[in-house]
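# Examining the three-dimensional arrangement
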Amino acid sequence: MSSSSAVPAAKPPIRDALVAAAFRLFLERGYEQTTVDDIVALAGVGRRSFFRYFPSKEDVVFPDHERCLAEMTAFLAAGGPEHEPVRRVCDAARLVLRMYAENPAFSVQRYRLTRQVPGLRAYELSVVWRYERALAEYLRARFTGRPDGTLRADVIAAAVVAAHNNALRSWLRSDGKGDPGAAVDHALGHVQMTFGRSAAGVGVTGPAATPTPATWIAPAGTAGPVRADAATGRSDDVVVLVSRRDAPLWRVVQELETALGRA
């Protein structure tokens with residue numbers, strides 16, 4: 001086949017072309033020195049096309065957050081009473097990580113840019129707040145009628161966002177090296193260990209609620225077991241842990257450490 005018969009490469013969608021042009025100019029000239037007119041000129045489209053996709057220049061830096069926020073909101077709305085609420089919001093946060101991990105080079109580039117431009121940092125914080133609000137609204141609904149339900153919802157939502165962002169930003173500072181999923185899982189594990197136990201069963205019904213193992217200690221010389229909090233604490237105590245088969249291993253270990261006074 002001759003080269004003249006080759007099919008020309010398809011042009012990228014206008015939205016993608018605008019993002020690519022914007023970041024090329026941001027890197028070459030700087031964010032503040034780049035105008036919307038510069039971006040549309042490089043992308044080969046008109047100003048009207050730019051504002052059809054992006055309300056402002058700031059929005060072109062964060063082109064995927066609206067989609068991700070919509071996905072998170074839909075994911076939370078699809079949750080039923082069988083879903084343990086703390087686990088559900090942690091899984092929702094992982095949708096944000098997936099968005100960043102889909103294009104590590106772009107995510108690292110954007111992270112560097114937002115560190116350099118105070119206005120973009122402020123914009124990013126407003127985006128983060130919207131994620132946190134979505135998580136909190138879901139949790140508030142799940143904790144309705146419970147003591148301190150609103151307080152608990154807001155604290156857990158803030159903790160999820162803080163844990164997720166701590167791991168995410170560490171990955172971004174490393175230029176996208178390593179496994180961001182493992183880092184975020186580790187961070188969110190702290191949230192589940194801290195709040196999952198106290199929140200387990202709140203707004204949850206049925207056997208699918210996160211199971212909590214019942215810990216019993218059988219002190220030496222006694223006829224039968226007693227609850228861990230009533231145990232003698234002697235060094236020769238025999239610890240018997242009774243747990244549901246589907247209880248998470250981290251929770252079993254947590255209960256064992258609590259019974260032994262090591263928590």
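Residues numbered from 1 in each chain as written. Predicted model: local features only at pLDDT ≥ 70, side-chain atom pairs only at ≥ 80, totals over all residues. Heavy atoms only, no water.

Even without a glycine there, the phi angle at Asp 148 is positive, about 55°. Structurally, the position occupied by Asp 148 is in the loop between helix 8 (118-142) and helix 9 (149-173). Note on Asp 148: relative accessible area 56%, which makes it exposed. A positive phi angle, close to 65°, is found at Asp 175, a residue other than glycine. As for its position among the elements, Asp 175 is in the loop between helix 9 and helix 10 (180-199). Overall, the relative accessible area of 41% leaves Asp 175 in the partly exposed class. (Helix = DSSP H or I, 4+ residues; strand = E, 2+ residues; numbered from the N terminus. Buried < 20%, exposed > 50% of the residue type's maximum accessible area, 1.4 Å probe, protein only.)

Time to look at the nonpolar core. Core analysis: the biggest nonpolar cluster contains 40 residues, and Met 72, Val 89, Tyr 131, Leu 135, Leu 139 and Val 160 have the highest contact counts within it. Mapped by element, the contributors of at least two residues to this core are helix 5 (65-77), helix 6 (85-101), helix 7 (104-116), helix 8, helix 9 and helix 10. Among the elements that take part in this core, helix 9 stands out by supplying eleven residues, more than any other. Aside from chain neighbours lying at most four places away, what touches Val 89 is Leu 76, Leu 135, Tyr 138, Leu 139, Ile 156 and Val 160. In this structure, Leu 18, Val 19, Ile 39 and Phe 50 belong to the second largest nonpolar core, which totals 20 residues. (Core = buried A, V, L, I, M, F, W, Y, C linked by side-chain atoms within 4.5 Å. Contact = heavy atoms within 4.5 Å.)

Each pocket or cavity is described by its volume, and for the largest pocket that value is around 240 Å³. The wall of the largest pocket is formed by 15 residues, among which Val 19, Pro 63, Asp 64, Asn 103 and Phe 106 lie closest to the centre. Broken down by secondary-structure element, the contributors of at least two residues to the lining of the largest pocket are helix 1 (14-29) and helix 7. When residues of the lining of the largest pocket are assigned to their parent elements, the largest contribution, five residues, is made by helix 1. Within the lining of the largest pocket, the residues separate by chemical class into six nonpolar, three polar and six charged. (1 Å grid on protein atoms, 1.4 Å probe; cavity = no way out; pocket = protein on both sides within 12 Å on 5 of 7 lines; lining within 4 Å. Points joined across faces, edges and corners; volume = space filled by probe spheres on them. Nonpolar A, V, L, I, M, F, W, Y, C, P; charged D, E, K, R; others polar.)

This next bit is on the packing of helix 8 against helix 9. Here helix 8 crosses helix 9 at 135°, and the two axes come no closer than 8 Å. Comparing the axis directions of helix 8 and helix 9 gives the class oblique. Judged by the twist between their axes, the crossing of helix 8 over helix 9 is right-handed. Residue-level contacts link Arg 121, Glu 124, Val 128, Glu 132, Leu 135, Ala 136, Leu 139 and Arg 140 of helix 8 to Thr 150, Ala 153, Asp 154, Ile 156, Ala 157, Ala 158, Val 160, Val 161, Asn 165 and Arg 169 of helix 9. Its residues assigned to classes, the contact of helix 8 with helix 9 shows ten nonpolar, two polar and six charged. (Axes fitted to C-alpha atoms, helices over the stretch in contact; angles between N-to-C directions. Parallel < 35°, antiparallel > 145°, perpendicular 65-115°, else oblique. Left-handed = near helix turned anticlockwise from the far one by under 90°.)

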